[in-house]
Amino acid sequence: MNEADEIYVLDTGSTDNTVKELEKYGVKVFQKKIKPWRFDEARNQSLSLVPDDVDLCVCTDLDEVFEKGWRKKMEDAFCNGVTRLSYRYTWSFNPDGSEGVVFYIDKAHKRQGYLWENPVHEVLVGKNEKIKLVNGVQLNHYADNTKSRAQYLPLLELAVREDPENDRNMHYLGREYMFYKKYDLAIFTLKKHLLLKSATWKDERCASMRYIAKCYTALNNLTDAYKYYLYAICEAPYLREPWIDMAYFEYYRENYLGCAYFIEYALNIIERTPTYITQANCWDATPYDILSIAYYKMGDIEKAILNVKKAIVISNEQRLKDNLKLYEKATLT
């Protein structure tokens, strides 16, 4: 963040040397406990530290790092009545260091007229907005996967109680129940999301349908799982994700012909949607990997070799190379 004129941090309860380390670099650090904890309150308290005459606020977390040159690009874009800026965000990285989930976020905004809402998965809310995409700005998220997400579920339940008509929070709550393997609750909640009048974004509706299908699969209700995977494809046929998820389902059922059909269709979709709905395993070597195995199981060794080679171009994983040797050996028998 050192390209900014000033850096403000609200410390809400660290127990290490965070405050001293930040102050050593000239960061303006304030400390305050937020009780009961909610992310929107913490964000708003943080925003209140910034002087009223500041033009542009850029909000990041301590596990997020801008690539160099972001300041000048944002300054150039922040004109002609623009109130908020959108920029590219890598939310996760694959084990080999390549990008995983990538989408666009918009946490750069004018100082006045904005507040954060929602106890968790908080969103920035403003009036009479004019949002502009800034090309060339890249923010990278280096998540600590050992951190607990235990606070997310109760905060999401609180968010839905506060506003039961908020479709995004209902979707997030259903997804969270799925993560906790509370499959019946997840199905119930995700179906509620689909019934909300405000739930009109097809990408997110498609995701709810896919999650319902995953829950039914976990409950061994394969009939309803198959039905909801088809619903998901019909809802957003332009996304790779529902086609790939259906392919994995068919692979799970050992229907390798169906698996190959759905992956082949998915691979015709070459434009990756720049939203949080995207799944990394739909855009890395995985589809070609699974496709090669499906063809091998069906006895089509030529297509198995072709697709595992495509997977190896994307990922140099040893298992893929071993599979290639296995397939090539099969051509000799």
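Residues numbered from 1 in each chain as written. Predicted model: local features only at pLDDT ≥ 70, side-chain atom pairs only at ≥ 80, totals over all residues. Heavy atoms only, no water.

A. Here's a closer look at the pairing of strand E7 (residues 114-117). Residue alternation in E7 divides its side chains into a buried set, Tyr-114 and Trp-116, and an unburied set, Leu-115 and Glu-117. Pairing between E7 and strand E8 (residues 123-126): 4 bridges, direction antiparallel. The residue bridging Glu-117 from the neighbouring strand is Val-123, located in E8. Between the end of E7 and the start of E8, which pair antiparallel, lie 5 residues, with Asn-118 showing a positive phi angle near 95°. (Buried < 20%, exposed > 50% of the residue type's maximum accessible area, 1.4 Å probe, protein only. Helix = DSSP H or I, 4+ residues; strand = E, 2+ residues; numbered from the N terminus. Pairing = 2+ DSSP bridges.)

B. Region of the structure containing the nonpolar core. The biggest cluster of nonpolar side chains holds 81 residues, and the ones touching the most others in it are Met-74, Tyr-87 and Ile-263. The next biggest cluster of nonpolar side chains, apart from the first, holds 6 residues, and it includes Leu-10, Leu-47, Leu-49 and Val-50. (Core = buried A, V, L, I, M, F, W, Y, C linked by side-chain atoms within 4.5 Å.)

C. How the structure looks around the packing of helix H7 (residues 202-218) against helix H8 (residues 222-235). Remark: H7 packs on H8, axes separated minimally by 8 Å, with the N-to-C direction vectors making an angle of 165°. Between H7 and H8, the angle falls in the class roughly antiparallel. For the element pair H7 and H8, the recorded crossing hand is left-handed. Residues Lys-202, Arg-205, Cys-206, Met-209, Arg-210, Ile-212, Ala-213, Lys-214, Tyr-216 and Thr-217 of H7 lie in contact with H8, whose contacting residues are Leu-222, Asp-224, Ala-225, Tyr-228, Tyr-229, Tyr-231, Ala-232 and Glu-235. Residues of the contact of H7 with H8, tallied by class, amount to 11 nonpolar, 1 polar and 6 charged. (Axes fitted to C-alpha atoms, helices over the stretch in contact; angles between N-to-C directions. Parallel < 35°, antiparallel > 145°, perpendicular 65-115°, else oblique. Left-handed = near helix turned anticlockwise from the far one by under 90°. Contact = heavy atoms within 4.5 Å. Nonpolar A, V, L, I, M, F, W, Y, C, P; charged D, E, K, R; others polar.)

D. The arrangement of helix H6 (residues 183-195) in detail. Between its first and last C-alpha atoms H6 spans 18 Å; for 13 residues at 1.5 Å apiece the expected length is 18 Å, and the two agree. If you check which residues of H6 are buried, you get Ala-186, Ile-187, Thr-189, Leu-190, His-193 and Leu-194. (Expected span 1.5 Å × (residues − 1).)

E. Molecular detail of the packing of aromatic side chains. Under the definition given, this model contains 17 aromatic pairs. With a centroid separation of 5.7 Å and an interplanar angle of 50°, the aromatic rings of Phe-66 and Tyr-87 are classed as tilted. Of this pair, Phe-66 sits in strand E4 (residues 64-66) while Tyr-87 sits in strand E5 (residues 84-90), placing them 21 residues apart in sequence. Phe-66 gets classed as buried once you look at its relative accessible area, which sits at 10%. Summarising the aromatic geometry, the rings of Tyr-261 and Phe-262 are spaced 5.1 Å apart at their centres and angled 80° between planes, so their arrangement reads as edge-to-face. With a relative accessible area of 9%, Phe-262 lands in the buried category. Cluster of aromatic residues (ring-pair linked, three or more members): Trp-243, Tyr-261, Phe-262 and Tyr-265. When the ring centre of Trp-283 is taken as origin, the NZ or CZ atom of Arg-240, which lies over that ring, is 4.0 Å away. (Phe/Tyr/Trp six-rings, centres within 6.5 Å; stacked < 30°, edge-to-face > 60°. Lys NZ or Arg CZ within 6 Å of the ring centre and 35° of its normal.)

F. Main features of the side chain of Asp-245. By secondary structure assignment, the location of Asp-245 is in helix H9 (residues 240-252). Relative accessible area serves as the criterion here: at 2%, Asp-245 is assigned to the buried category. Among all residues touching Asp-245, those that are not within four sequence positions of it are Arg-210, Lys-214, Tyr-229 and Gln-279.

G. Up close: the environment of Ala-199. Among the structural elements, Ala-199 can be located in the loop between H6 and H7. A relative accessible area of 5% means that Ala-199 is categorised as buried. Each C-alpha atom, one on Ala-199 and one on Asp-167, is 5.4 Å from the other, the two residues being 32 residues apart in sequence. Apart from residues lying up to four places away in sequence, Ala-199 is in contact with Asp-167, His-193 and Arg-205.

H. Inspection of the environment of Ala-260 at higher detail. With respect to the element layout, Ala-260 can be found in helix H10 (residues 256-267). What makes Ala-260 buried here is its relative accessible area of 4%. With 28 residues separating them along the chain, Ala-260 and Tyr-288 place their C-alpha atoms 9.7 Å apart. Ignoring any residue separated from it by four or fewer positions in sequence, one finds Ala-260 in contact with Leu-291, Tyr-295 and Met-298.

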